[in-house]
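The residues making up each chain are set out below.
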Amino acid sequence: MANKKKTFEESLGELEKIVQRLETGDVPLEEALAQFKEGIELSQLCQKTLSEAETTLTKMMTTDGEEVNFDTEGA
């Protein structure tokens, strides 16, 4: 099976399911540790996606196609 890159929404949904499972307290220790590790990886992926989106949203293009930081201070 091909390893498809998850969207932000898919990763966040999986992370929420992991949290719900772990909060029940009915998960065996070994499975809880594996779920926790997967949750950390999903959390890092979501954080990276959000950081990249923030970087993109704080830039704008000049008329000659150059990317410059968007100045929110002067607005």
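Residues numbered from 1 in each chain as written. Predicted model: local features only at pLDDT ≥ 70, side-chain atom pairs only at ≥ 80, totals over all residues. Heavy atoms only, no water.

**With respect to the overall build of the protein chain**
Scanning the protein chain from N- to C-terminus turns up 2 helices and 2 strands. Along the protein chain, from the amino end to the carboxyl end, the secondary structure elements read α-α-β-β. Expressed as a percentage of the 75 residues in the protein chain, the buried residues total 12%. Across the protein chain, the fraction of contacts at a sequence separation of at least 24, relative to all contacts at a separation of at least 6, is 38%. (Helix = DSSP H or I, 4+ residues; strand = E, 2+ residues; numbered from the N terminus. Buried < 20%, exposed > 50% of the residue type's maximum accessible area, 1.4 Å probe, protein only. Contact = heavy atoms within 4.5 Å.)

**Overview of the side chain of Q35**
Its location among the elements puts Q35 in helix α2 (residues 29–57). Here R21 takes part through its side chain, which lies 2.8 Å from a polar atom of the side chain of Q35. Apart from residues no more than four positions distant in its own chain, Q35 is found in contact with I18, R21 and L22. (Polar contact = N/O pair within 3.5 Å; in protein donor to acceptor, adjacent residues only side chain to side chain.)

**With respect to the pattern of salt bridges**
Scanning all chains against the criterion turns up 2 salt bridges. K6 is the partner of E14 in a salt bridge, and the nearest nitrogen-oxygen pair spans 3.3 Å. Residue E52 pairs with K48 through a salt bridge whose shortest N-O separation is 3.7 Å. Pair noted here: E52 and K48 are both in helix α2, with a separation of 4 residues, about one helical turn. (Salt bridge = Lys/Arg side-chain N within 4 Å of Asp/Glu carboxyl O.)

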